[in-house]
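Inside the fold
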Amino acid sequence: MKIIDNSVVFNMYQMKVKDEFRSSFNEVGKRNMVTSSTIESGTLGMYNTMNDAGENLLFELYEDQRAYDKHVQSQQSKDFQRVVSEGATDVSRVELVPEFLGEQDVSLNTTTDNRLWVNVVRFTVKDGKQDQFKQILIPYLKKAMKAETEILVCYVSHVKDQPNKWMTFQVFQNDDTFKKYVNSDGFHQVLDELTPLFEERELEQLDGQVLINQGHY
(Lines give C-alpha, C1' and ligand atoms only; values in the text may rest on other atoms or scores of the structure.)
Protein backbone atom coordinates (compact mmCIF):
# COMPACT_ATOMS: atom_id res chain seq x y z
CA MET A 1 0.00 0.00 0.00
CA LYS A 2 1.11 3.55 -0.67
CA ILE A 3 -0.05 6.75 0.97
CA ILE A 4 -0.04 9.91 -1.15
CA ASP A 5 1.20 13.15 0.39
CA ASN A 6 -1.69 15.43 1.33
CA SER A 7 -0.31 18.45 -0.56
CA VAL A 8 -2.16 17.25 -3.66
CA VAL A 9 -5.08 18.95 -5.41
CA PHE A 10 -8.25 16.88 -5.01
CA ASN A 11 -11.57 17.80 -6.65
CA MET A 12 -15.00 16.26 -7.05
CA TYR A 13 -17.30 17.32 -9.89
CA GLN A 14 -20.99 16.48 -10.00
CA MET A 15 -23.21 16.95 -13.05
CA LYS A 16 -26.24 15.69 -14.96
CA VAL A 17 -25.45 14.75 -18.57
CA LYS A 18 -28.14 15.31 -21.21
CA ASP A 19 -29.22 12.10 -22.94
CA GLU A 20 -28.19 13.32 -26.39
CA PHE A 21 -24.66 14.07 -25.12
CA ARG A 22 -24.16 10.85 -23.17
CA SER A 23 -22.18 9.00 -25.85
CA SER A 24 -19.93 11.99 -26.51
CA PHE A 25 -19.45 12.59 -22.78
CA ASN A 26 -18.38 9.00 -22.20
CA GLU A 27 -16.06 8.86 -25.21
CA VAL A 28 -14.35 12.23 -24.75
CA GLY A 29 -14.23 11.81 -20.97
CA LYS A 30 -12.53 8.45 -21.27
CA ARG A 31 -10.00 9.84 -23.73
CA ASN A 32 -9.27 12.73 -21.40
CA MET A 33 -8.68 10.46 -18.43
CA VAL A 34 -6.64 7.81 -20.24
CA THR A 35 -4.47 10.35 -22.07
CA SER A 36 -3.90 12.50 -19.01
CA SER A 37 -2.92 9.64 -16.74
CA THR A 38 -0.54 8.34 -19.43
CA ILE A 39 1.34 11.49 -20.38
CA GLU A 40 0.93 13.70 -17.30
CA SER A 41 3.07 12.43 -14.45
CA GLY A 42 1.36 14.84 -12.07
CA THR A 43 -2.14 13.51 -12.79
CA LEU A 44 -2.36 10.85 -10.08
CA GLY A 45 -5.94 9.65 -10.30
CA MET A 46 -9.07 10.19 -12.41
CA TYR A 47 -12.40 8.51 -11.72
CA ASN A 48 -15.71 8.85 -13.58
CA THR A 49 -18.66 7.36 -11.70
CA MET A 50 -22.44 7.52 -11.87
CA ASN A 51 -24.95 7.38 -9.03
CA ASP A 52 -28.43 5.87 -8.97
CA ALA A 53 -29.96 9.24 -9.90
CA GLY A 54 -28.04 9.24 -13.19
CA GLU A 55 -25.63 11.97 -12.11
CA ASN A 56 -21.93 11.70 -12.86
CA LEU A 57 -19.46 12.18 -10.03
CA LEU A 58 -15.89 12.74 -11.18
CA PHE A 59 -12.95 12.60 -8.78
CA GLU A 60 -9.58 14.00 -9.86
CA LEU A 61 -6.27 13.91 -7.99
CA TYR A 62 -3.19 15.94 -8.96
CA GLU A 63 0.30 16.04 -7.50
CA ASP A 64 0.12 19.80 -6.87
CA GLN A 65 -1.35 23.02 -8.21
CA ARG A 66 1.17 23.13 -11.05
CA ALA A 67 0.10 19.66 -12.23
CA TYR A 68 -3.55 20.69 -12.06
CA ASP A 69 -2.92 23.86 -14.07
CA LYS A 70 -0.99 21.89 -16.68
CA HIS A 71 -3.84 19.43 -17.06
CA VAL A 72 -6.50 22.13 -17.42
CA GLN A 73 -4.55 23.64 -20.32
CA SER A 74 -4.11 20.32 -22.14
CA GLN A 75 -6.01 19.64 -25.36
CA GLN A 76 -7.74 16.55 -24.00
CA SER A 77 -8.99 18.51 -21.00
CA LYS A 78 -10.24 21.37 -23.17
CA ASP A 79 -12.09 18.87 -25.39
CA PHE A 80 -13.81 17.42 -22.36
CA GLN A 81 -14.56 20.84 -20.88
CA ARG A 82 -16.32 21.73 -24.13
CA VAL A 83 -18.52 18.63 -23.99
CA VAL A 84 -19.40 19.35 -20.36
CA SER A 85 -20.28 22.97 -21.11
CA GLU A 86 -22.57 21.91 -23.95
CA GLY A 87 -23.98 18.66 -22.66
CA ALA A 88 -24.19 18.81 -18.86
CA THR A 89 -26.36 20.70 -16.39
CA ASP A 90 -26.16 21.35 -12.66
CA VAL A 91 -22.37 21.22 -12.84
CA SER A 92 -20.66 21.78 -9.50
CA ARG A 93 -17.06 21.56 -8.32
CA VAL A 94 -16.18 20.66 -4.75
CA GLU A 95 -12.63 21.34 -3.60
CA LEU A 96 -11.56 18.66 -1.14
CA VAL A 97 -8.83 18.83 1.50
CA PRO A 98 -7.09 15.43 1.68
CA GLU A 99 -6.73 13.77 5.07
CA PHE A 100 -5.76 10.27 3.94
CA LEU A 101 -5.09 9.07 0.39
CA GLY A 102 -4.39 5.35 0.19
CA GLU A 103 -3.97 3.12 -2.85
CA GLN A 104 -2.59 -0.32 -3.44
CA ASP A 105 0.79 -0.51 -5.20
CA VAL A 106 -0.58 -1.76 -8.51
CA SER A 107 -2.03 0.89 -10.81
CA LEU A 108 -5.77 0.88 -11.48
CA ASN A 109 -6.78 1.09 -15.14
CA THR A 110 -10.44 0.23 -15.65
CA THR A 111 -12.26 1.73 -18.64
CA THR A 112 -14.92 -0.89 -19.43
CA ASP A 113 -17.77 -2.64 -17.60
CA ASN A 114 -16.44 -4.15 -14.39
CA ARG A 115 -17.37 -5.75 -11.08
CA LEU A 116 -15.57 -3.23 -8.92
CA TRP A 117 -17.55 -1.86 -5.99
CA VAL A 118 -17.28 1.92 -5.70
CA ASN A 119 -18.86 4.12 -3.06
CA VAL A 120 -18.72 7.50 -1.44
CA VAL A 121 -19.67 8.06 2.19
CA ARG A 122 -20.50 11.56 3.40
CA PHE A 123 -20.28 12.52 7.07
CA THR A 124 -21.43 15.62 8.87
CA VAL A 125 -19.08 15.70 11.86
CA LYS A 126 -20.12 17.53 15.01
CA ASP A 127 -18.45 20.85 15.69
CA GLY A 128 -15.20 20.43 17.58
CA LYS A 129 -15.06 16.68 16.95
CA GLN A 130 -13.10 16.75 13.67
CA ASP A 131 -9.70 15.89 15.15
CA GLN A 132 -11.12 13.05 17.22
CA PHE A 133 -13.00 11.74 14.18
CA LYS A 134 -9.78 11.78 12.14
CA GLN A 135 -7.71 10.13 14.86
CA ILE A 136 -10.10 7.18 14.98
CA LEU A 137 -10.97 6.74 11.31
CA ILE A 138 -7.62 7.08 9.55
CA PRO A 139 -5.54 4.58 11.59
CA TYR A 140 -8.33 2.07 11.09
CA LEU A 141 -8.37 2.58 7.32
CA LYS A 142 -4.58 2.27 7.08
CA LYS A 143 -4.73 -1.01 8.96
CA ALA A 144 -7.65 -2.28 6.86
CA MET A 145 -5.89 -1.52 3.57
CA LYS A 146 -2.70 -3.26 4.67
CA ALA A 147 -4.62 -6.33 5.75
CA GLU A 148 -6.90 -6.50 2.70
CA THR A 149 -5.26 -5.74 -0.64
CA GLU A 150 -8.63 -5.98 -2.39
CA ILE A 151 -9.44 -2.56 -0.95
CA LEU A 152 -7.94 -0.82 -3.97
CA VAL A 153 -8.50 2.85 -3.15
CA CYS A 154 -9.47 4.75 -0.03
CA TYR A 155 -9.46 8.55 -0.02
CA VAL A 156 -10.59 10.57 3.00
CA SER A 157 -11.11 14.31 2.79
CA HIS A 158 -13.17 17.20 4.03
CA VAL A 159 -14.75 19.95 2.00
CA LYS A 160 -12.64 23.08 1.75
CA ASP A 161 -13.94 25.79 4.09
CA GLN A 162 -16.40 23.28 5.60
CA PRO A 163 -14.34 21.33 8.14
CA ASN A 164 -17.32 19.37 9.42
CA LYS A 165 -18.23 17.97 5.96
CA TRP A 166 -16.16 14.80 5.44
CA MET A 167 -16.12 12.26 2.64
CA THR A 168 -14.60 8.87 1.90
CA PHE A 169 -14.20 7.57 -1.65
CA GLN A 170 -13.46 3.84 -1.88
CA VAL A 171 -12.93 1.24 -4.59
CA PHE A 172 -13.15 -2.46 -3.72
CA GLN A 173 -12.26 -5.44 -5.92
CA ASN A 174 -15.88 -6.61 -5.90
CA ASP A 175 -19.04 -6.58 -3.81
CA ASP A 176 -17.87 -9.60 -1.78
CA THR A 177 -14.81 -7.62 -0.67
CA PHE A 178 -17.06 -4.74 0.36
CA LYS A 179 -19.40 -7.05 2.29
CA LYS A 180 -16.45 -8.64 4.07
CA TYR A 181 -15.19 -5.17 4.99
CA VAL A 182 -18.48 -3.81 6.39
CA ASN A 183 -19.32 -7.07 8.20
CA SER A 184 -15.98 -7.32 9.99
CA ASP A 185 -15.68 -6.87 13.74
CA GLY A 186 -13.16 -4.09 13.19
CA PHE A 187 -15.56 -2.09 11.02
CA HIS A 188 -18.38 -2.34 13.56
CA GLN A 189 -16.06 -1.41 16.39
CA VAL A 190 -14.76 1.72 14.66
CA LEU A 191 -18.28 2.70 13.56
CA ASP A 192 -19.42 2.47 17.17
CA GLU A 193 -16.56 4.77 18.17
CA LEU A 194 -17.30 7.25 15.38
CA THR A 195 -21.10 7.41 15.71
CA PRO A 196 -21.14 9.81 18.70
CA LEU A 197 -18.89 12.18 16.68
CA PHE A 198 -21.08 12.74 13.63
CA GLU A 199 -24.61 13.98 13.03
CA GLU A 200 -25.23 12.26 9.71
CA ARG A 201 -23.72 9.48 7.59
CA GLU A 202 -24.81 8.76 4.02
CA LEU A 203 -23.43 5.96 1.83
CA GLU A 204 -23.90 6.13 -1.93
CA GLN A 205 -22.97 3.25 -4.21
CA LEU A 206 -21.54 4.35 -7.54
CA ASP A 207 -21.12 2.74 -10.95
CA GLY A 208 -17.38 3.01 -11.65
CA GLN A 209 -17.16 3.70 -15.39
CA VAL A 210 -13.55 4.89 -15.69
CA LEU A 211 -11.22 4.28 -12.74
CA ILE A 212 -7.57 5.17 -13.24
CA ASN A 213 -4.64 5.92 -10.96
CA GLN A 214 -0.86 5.90 -11.28
CA GLY A 215 -0.19 3.19 -8.71
CA HIS A 216 3.55 3.90 -8.77
CA TYR A 217 3.61 7.49 -7.54
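Below you will find a few notes about this structure. (Residues numbered from 1 in each chain as written. Predicted model: local features only at pLDDT ≥ 70, side-chain atom pairs only at ≥ 80, totals over all residues. Heavy atoms only, no water.)

**Examining the environment of lysine 143**
Basically, it comes down to this: Helix and strand assignments follow DSSP, with helices taken as H or I runs no shorter than four residues and strands as E runs no shorter than two, numbered in order from the N terminus. Relative accessibility under 20% of the residue-type maximum defines a buried residue, over 50% an exposed one, and the middle range a partly exposed one, all with a 1.4 Å probe and only protein chains included.
For lysine 143, the position within the fold is in helix α4 (residues 130-147). A relative accessible area of 64% places lysine 143 in the exposed class. Remark: the alpha-carbon pair of lysine 143 and glycine 186, spanning 43 residues in sequence, is separated by 9.9 Å.

**Some thoughts on helix α6 (residues 185-194)**
Our working rule: In this context, the arc is that of the directions from the helix axis out to the C-beta atoms.
Taken residue by residue, α6 has Phe187, Val190, Leu191 and Leu194 as its buried positions. All buried residues of α6 lie within an arc of 105° about the axis, which places them on one face of the element. Structural note: α6 exposes Asp185, Gln189 and Asp192 on the side pointing more than 90 degrees away from its buried face.

**Structural notes on the pattern of salt bridges**
Filter applied, for reference: We count a salt bridge whenever a side-chain nitrogen from Lys or Arg sits within 4 Å of a carboxyl oxygen from Asp or Glu.
Under the definition given, this model contains 7 salt bridges. Of the charged contacts in the structure, one is a salt bridge between arginine 115 and aspartate 175, with a shortest N-O distance of 3.9 Å. Of this pair, arginine 115 sits in the loop between β6 (108-110) and β7 (117-125) while aspartate 175 sits in helix α5 (residues 175-182), placing them 60 residues apart in sequence. The partner of arginine 122 in a salt bridge is glutamate 204, with the nearest N and O atoms 3.0 Å apart. Here arginine 122 is found in strand β7, whereas its partner glutamate 204 is found in strand β10 (residues 198-213), with 82 residues between them in sequence. Overall, glutamate 204 belongs to the buried group, its relative accessible area being 17%.

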